[in-house]
Amino acid sequence: MVSYQINIRKAVPADCEKVYELICELAVFEKEPDAVDITASQLRDDAFGPNAIVNIWVGEADGIVVGAALYFEKYSTWKGRTLHLEDLIVNDKYRGYGIGTMLFNKVLSISKDGGYSRMEWMVLDWNAPAIEFYKKYGTEFLDEWKDCRLTRETMNKIATNEGL
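Procedures and definitions
- Residues numbered from 1 in each chain as written.
- Predicted model: local features only at pLDDT ≥ 70, side-chain atom pairs only at ≥ 80, totals over all residues.
- Heavy atoms only, no water.
- Helix = DSSP H or I, 4+ residues; strand = E, 2+ residues; numbered from the N terminus.
- Contact = heavy atoms within 4.5 Å.
- Pairing = 2+ DSSP bridges.

A. Focus on the side chain of N91. Inspection of the secondary structure puts N91 in the loop between strand 4 (80–90) and helix 3 (99–113). Ignoring any residue separated from it by four or fewer positions in sequence, one finds N91 in contact with L22, E25 and V66.

Written out as structure tokens, the structure reads:
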């Protein structure tokens, strides 16, 4: 196995292009290659603009961004402030070097140190390697909850009374 100098750090605006590439790679892995609607510019605005809503940490191998963790704050009416890990991504070529573990542990530490009542994320039911990874942490898998969403297209139809 090749040895890399691994570094975990808070992202800077210049990282957004590479993080965007990782997001696109993840979409292909998750069998949704055409699902990414954002751009690197939008990601930069959402992470570093005046109304930033997402935080990003990156994992580097020999100075090259090869992994990322994107997270944001949520609120539970029962538990208060929670942290939602939206994505934990490591380029396929760099898996097995501990980058995902280091990124996950960083977000876990931020959650714990920030006083969040819980940390949440989703994992596809067919992603066995990720499920096994999360089991090592004593993760509680919630089978009784259903993820719900309205797409932009659906919301627009509802707003113009086409969908009601």
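B. Just the pairing of strand 3 (residues 64–76), in detail. As judged from the seven bridges shared by strand 2 (residues 55–61) and strand 3, these two strands associate in the antiparallel manner. For G59, the partnering residue across the bridge sits in strand 3 and is G67. Counting the residues in the hairpin turn of strand 2 and strand 3 gives two residues, including D62, whose phi is positive at 50°. Relative to strand 4, strand 3 is paired through ten bridges, and the arrangement is antiparallel. Note on strand 4: the bridge partner recorded for Y75 is R81. Connecting the antiparallel pair strand 3 and strand 4 is a turn made up of three residues.

C. Highlighting unusual backbone geometry. In this model, K31 sits at a positive phi of 65°, which is unusual for a non-glycine residue. Assignment of secondary structure puts K31 in the loop between helix 1 (16–29) and helix 2 (40–48). With phi around 50°, D62 is a residue other than glycine that occupies positive phi space. Inspection of the secondary structure puts D62 in the loop between strand 2 and strand 3.

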